[in-house]
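Breakdown of the fold
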Amino acid sequence: SFIGEESVAAGEGSILTDNPTWIIDPIDGTTNFVHRFPFVAVSIGFVVNKKIEFGIVYSCVEDKMYTARKGKGAFCNGQKLQVSGQEDITKSLLVTELGSNRDPEAIKIILSNMERLLSIPIHG
């Protein structure tokens, strides 16, 4: 099976089943792309029994290929990635994205979540 982000965004229905399924977003960061903001990627995932097996993200402008496989770790251009090990959230930098849904109920949820994040004494 195939699920494409662009077709789902256009209103086509999609149901994730237990069948092996490719999930593809050919322009991940469409809004960034439209505004010439350089964080755009091609994202591909492969799912079996509704569980991700592997994923590939190619950051086009940066020419970076991110890959990850269940139980095998994540890599950038072949080099293994690892988390920082920082356990104190007050010494962390949080990054978030607001999404494109402007439905009033969605906005309320997004702003409520942002308010909770902003109350944490983080670096930024």
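Residues numbered from 1 in each chain as written. Predicted model: local features only at pLDDT ≥ 70, side-chain atom pairs only at ≥ 80, totals over all residues. Heavy atoms only, no water.

1. Brief notes about the domain arrangement of the protein
Partitioning the protein into structural domains gives domain 1 (2-80) and domain 2 (89-119). Computed over C-alpha atoms, the centres of domain 1 and domain 2 are 22 Å apart. (Domains from an automatic or database assignment.)

2. Some thoughts on the packing of aromatic side chains
For the structure on display, the rule yields four aromatic pairs. Centroid distance Trp22 to Phe46: 4.7 Å. Interplanar angle 50°. Geometry classified as tilted. With Trp22 in strand 2 (residues 21-28) and Phe46 in strand 3 (residues 41-48), this pair connects stretches of sequence that are 24 residues apart. Residue Phe46 is classed as buried on the basis of its relative accessible area, which comes to 17%. The structure contains a cluster of three or more aromatic residues connected by ring pairs, namely Trp22, Phe46 and Phe54. (Phe/Tyr/Trp six-rings, centres within 6.5 Å; stacked < 30°, edge-to-face > 60°. Helix = DSSP H or I, 4+ residues; strand = E, 2+ residues; numbered from the N terminus. Buried < 20%, exposed > 50% of the residue type's maximum accessible area, 1.4 Å probe, protein only.)

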